[in-house]
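# Observations on the model geometry
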Amino acid sequence: MATIKLDESASVFEHTVRFKLDNIRDFLDVDGKGPKAHYTEVFGEGWSWRISSQRLSEDNCLGVFLIPPKAGCPQKVHYSIHTESLTGKKYSECRSTFLFPPGHLGLGWSGALSSTKHWKHDKQLRTENACVVVATVKTPLGPQVGAEPVLNFIHSTIKGAESSSTQFVTFSRRTSSDQLSRPRTFFANGMVVMNSSKYIYDYLNNKGDRALMHRLAEDMPVSTMETDYADPDSDFDEDEEILENSFETVNEGTVVTEEKLPTNDPQSPEWDSMQLDGPDPTSMSAGTVDSEKLGPDGVIVPKEKEEEKPLELPVAPVTATVAPCDIHIVTGVASATWESLLFYLYTGNVKFAPLTSEGEAVRQSIIDLSSLTDPHRPAPCSCKSIYRLADKMHLESLRDSAMKYLQSRLSVDNILEEVFSVFTSRHEEVQKMEFAIMMQHWNDLNGTSALSDRLAGITSGDYLHASWVLKEWLKRISPSSV
């Protein structure tokens with residue numbers, strides 16, 4: 001029997017396996033001719049446990065070993081092993097922390113059970129001739145700063161290679177007519193993101209679909225950007241109509257105007273060595289700027305207003321040379337979601353914001369606070385948006401993290417809103433999880449106007465997408481289900 005657990009930070013994967021070993025005497029055979037090694041099923045990113053007979057200082061023992069993935073694990077791995085009787089009496093226990101470099105064959109405990117220490121002196125062990133082994137491993141979740149693609153990238157950068165080869169233009173705001181505005185750009189190293197995501201690898205090699213993004217076309221105006229992704233709990237800022245002059249700047253680096261997007265042309269002056277003006281040049285992303293200046297709030301100051309609000313910088317400007325980038329327009333997710341995804345592909349870390357159903361003010365306050373206290377990390381993002389994105393990109397660890405967080409935020413106060421949401425109607429796994437939680441709170445929900453109104457909304461068409469709820473509920477009360 002195996003159990004899997006994700007901690008609240010969504011950064012640690014914990015896997016526990018519990019299994020019974022019969023005929024222990026064979027493993028502790030005095031002639032040292034024990035049975036062949038036993039292996040558990042592979043879990044996580046390629047881990048497994050091996051159980052085998054061992055010979056230690058003239059003693060016959062049972063060994064339990066953790067076998068790492070071929071690529072190893074550069075982060076600290078915590079594991080524990082203990083053996084016990086069939087009734088729960090503990091025989092032995094071991095805990096350790098280790099780094100597994102690539103190609104490491106494994107590490108564990110050669111003396112989990114000993115012929116001289118345990119078999120000869122414990123009548124219960126001899127009578128049962130069996131034991132239970134409980135082995136737990138805690139590993140970092142998802143890609144890591146020390147993962148091979150990231151290490152290769154760091155090394156190539158040290159040697160002078162360009163740090164960014166791929167540019168993504170995303171959008172922060174969506175109108176009620178599905179038009180996108182407030183573009184932002186993010187830079188990524190193609191080697192890192194392709195090795196961390198097969199979806200991106202296929203896309204950049206012209207094999208994947210174009211549902212989320214597409215390459216920049218010649219002279220493509222920003223104002224034509226639209227999306228077919230509509231979810232009220234996404235990371236998009238919602239507008240009722242297009243705001244005048246809403247197409248401003250992207251980050252402190254590249255400028256995206258309403259007239260045109262960045263060009264792929266290496267001869268374009270956008271790729272020349274330029275001076276970055278701003279309140280803190282040392283904190284700016286490598287990018288491009290035009291001849292206009294950035295104001296203290298990071299917004300472009302038009303030329304005609306330069307005389308009114310001159311910028312006086314106490315520090316010398318920083319010169320940055322930027323190589324041509326492969327530019328891609330991302331319309332399937334919001335800027336905040338994509339920023340969190342790229343950071344995850346590099347580091348394995350992601351931070352989620354509270355659900356909108358917990359209160360928009362609560363959610364926004366958490367996002368604002370994080371932006372102030374941790375400005376060099378992506379702001380907390382929607383776990384629903386990440387779940388949808390990870391599911392589409394086949395990033396199982398990231399999807400599981402989002403699922404775990406979503407489940408942790410559900411309560412009797414918001415479960416109905418979530419169960420009847422459009423997002424839930426699109427994902428069967430989420431439906432099963434949320435329906436089970438709703439049934440746990442059924443005594444508190446049954447007969448309430450909130451539940452009655454939503455059930456009535458299914459028949460009236462207001463909650464047509466949630467018809468699955470009624471079907472599932474009817475299954476539960478039908479005689480055949482008893």
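Preceding block: the structure.
Residues numbered from 1 in each chain as written. Predicted model: local features only at pLDDT ≥ 70, side-chain atom pairs only at ≥ 80, totals over all residues. Heavy atoms only, no water.

The end-to-end C-alpha distance of helix α7 (residues 335-347) is 18 Å, a good match for the 18 Å that 13 residues give at a rise of 1.5 Å each. Burial analysis of α7 places 10 of its 13 residues in the buried class, the great majority of the element. Every buried residue of α7 is accounted for by Ser 335, Thr 337, Trp 338, Ser 340, Leu 341, Leu 342, Tyr 344, Leu 345, Tyr 346 and Thr 347. Looking one or two residues past α7, Gly 348 carries a phi angle of roughly 80°, positive in sign. (Helix = DSSP H or I, 4+ residues; strand = E, 2+ residues; numbered from the N terminus. Expected span 1.5 Å × (residues − 1). Buried < 20%, exposed > 50% of the residue type's maximum accessible area, 1.4 Å probe, protein only.)

Now for the packing of aromatic side chains. Enumeration over the complete set of coordinates arrives at 6 aromatic pairs. An angle of 65° between the planes, with centres 5.2 Å apart, marks the rings of Phe 168 and Trp 338 as edge-to-face. Taken together, the residues Phe 168 in strand β10 (residues 166-175) and Trp 338 in helix α7 connect sequence positions 170 residues apart. Taking relative accessible area as the criterion, Phe 168 reaches 0% and is therefore assigned buried. (Phe/Tyr/Trp six-rings, centres within 6.5 Å; stacked < 30°, edge-to-face > 60°.)

Take the packing of α7 against helix α9 (residues 383-393) next. Across the interface, α7 lies against α9 with an axial gap of 10 Å and an inter-helix angle of 55°. Between α7 and α9, the interaxial angle falls into the category oblique. Here the hand of the crossing between α7 and α9 comes out right-handed. Taken together, the residues of α9 that come into contact with α7 (itself represented by Thr 337, Trp 338, Ser 340 and Leu 341) are Ser 385, Ile 386, Leu 389 and Met 393. When its residues are assigned to classes, the contact of α7 with α9 shows 5 nonpolar, 3 polar and no charged. (Axes fitted to C-alpha atoms, helices over the stretch in contact; angles between N-to-C directions. Parallel < 35°, antiparallel > 145°, perpendicular 65-115°, else oblique. Left-handed = near helix turned anticlockwise from the far one by under 90°. Contact = heavy atoms within 4.5 Å. Nonpolar A, V, L, I, M, F, W, Y, C, P; charged D, E, K, R; others polar.)

Once that is clear, we can look at the pattern of salt bridges. Taken as a whole and assessed by the stated rule, the structure comprises 15 salt bridges. Here Lys 90 and Glu 93 are joined by a salt bridge, their closest N and O atoms 3.4 Å apart. When salt bridges that share partners are traced, they join Lys 90, Glu 93 and Arg 95 into one network. (Salt bridge = Lys/Arg side-chain N within 4 Å of Asp/Glu carboxyl O.)

Everything listed here is a matter of coordinates, which is why it stays silent on function.
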